[in-house]
Amino acid sequence: MRADAERSTDRILKAAEDVLAADPNASLERIGDAAGVARATVHRRFASRQVLLEAMRTGLNERYLLGLEQARVRTAPPLIALHRVTEIVFELKASHPFSISLGLSTHPDVQDGLDLVFTRLHADGTITAARPAWCRRVYLALMHEVALLPDDAPELTGPDGRPDLLVKTTLGALGAG
């Protein structure tokens, strides 16, 4: 893809995230207006709304996979990896509220990365829960609840309020000593 076409595509995807977060029923034309591109450009890049949503899903999954890599889930001490993954996911939730609200991050490699963290936490004795898929579901359910807390909630203390609260609560729920 040419550089200008790539920039247009990136602008459309960013605008789609913002516009659809405000109005999930917004048209492709409205997304194009927000991106500063012609309607024809949007349709040339994304033949339908479904194609646009799939591109958003793919982009979010790529960011999740990059986040798992940055957190070094395979090599970092598992507790540090869990905390770093949590920070990255909260950053993604803030920057991609529409995509995340639709549950667009269901790629098996993302699930496998989270499962690996919980497998490692169990193996080193940090948690007693032994089923990684169950641990992941608990973690994601708690993440949703922590994300809903208002910024001034007393539970959110310190500079890493949400990640700290989520990690501590998850560990407690999964049998940390």
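This is a predicted model, so every value here is computed, not measured.

**Q** How would you sum up the overall build of the protein chain? Please name residues and give values.
**A** Along the backbone of the protein chain there are nine helices and zero strands. The N-to-C order of helical and strand elements in the protein chain reads α-α-α-α-α-α-α-α-α. On the principal axes, the C-alpha backbone points of the protein chain span a range of 60 × 35 × 25 Å. With 177 residues in all, the protein chain has 41% of them scored as buried. Sequence-distant contacts in the protein chain: of pairs separated by 6 or more residues, those separated by 24 or more amount to 67%.

**Q** Explain unusual backbone geometry to me, using residue names and the numbers behind them.
**A** The residue R72 is not glycine, and still its phi comes out positive at about 55°. Counting through the fold element by element, R72 comes out in the loop between α4 (49-70) and α5 (78-95).

**Q** With reference to specific residues and values, describe the environment of M56.
**A** When you line up the elements, M56 lands in helix α4. In this structure, the C-alpha to C-alpha distance between M56 and I100, residues 44 residues apart in sequence, is 9.9 Å.

**Q** Which residues make up helix α9 (residues 161-173), and what values do they have?
**A** Taking 1.5 Å as the rise per residue, α9 with 13 residues should run 18 Å; its terminal C-alpha atoms sit 18 Å apart, in good agreement. Residues of α9 that are buried: G161, R162, P163, L165, L166, V167, T170 and L171. In the core, the buried residues of α9 are packed alongside α5, α7 (108-123) and α8 (132-148). Once α9 finishes, G175 follows within two positions and takes phi at roughly 90°, a positive value.

**Q** Could you give me a rundown of the pattern of salt bridges, with the residues and numbers involved?
**A** All chains considered together, the criterion is met by seven salt bridges. A salt bridge links R57 to E54; the shortest N-O distance between them is 2.9 Å. Of this pair, R57 and E54 are both found in helix α4, three residues apart, which corresponds to roughly one turn of the helix. Its relative accessible area of 36% is what places E54 among the partly exposed residues. D115 is the partner of R136 in a salt bridge, and the nearest nitrogen-oxygen pair spans 2.6 Å. Here D115 lies in helix α7 and R136 lies in helix α8, a separation of 21 residues in the sequence. The pair R136 / D115 is uniform in exposure class, with both members buried.

Cut-offs applied
- Residues numbered from 1 in each chain as written.
- Predicted model: local features only at pLDDT ≥ 70, side-chain atom pairs only at ≥ 80, totals over all residues.
- Heavy atoms only, no water.
- Helix = DSSP H or I, 4+ residues; strand = E, 2+ residues; numbered from the N terminus.
- Buried < 20%, exposed > 50% of the residue type's maximum accessible area, 1.4 Å probe, protein only.
- Contact = heavy atoms within 4.5 Å.
- Expected span 1.5 Å × (residues − 1).
- Salt bridge = Lys/Arg side-chain N within 4 Å of Asp/Glu carboxyl O.

Purely geometric stuff here, so don't read any function into it on its own.
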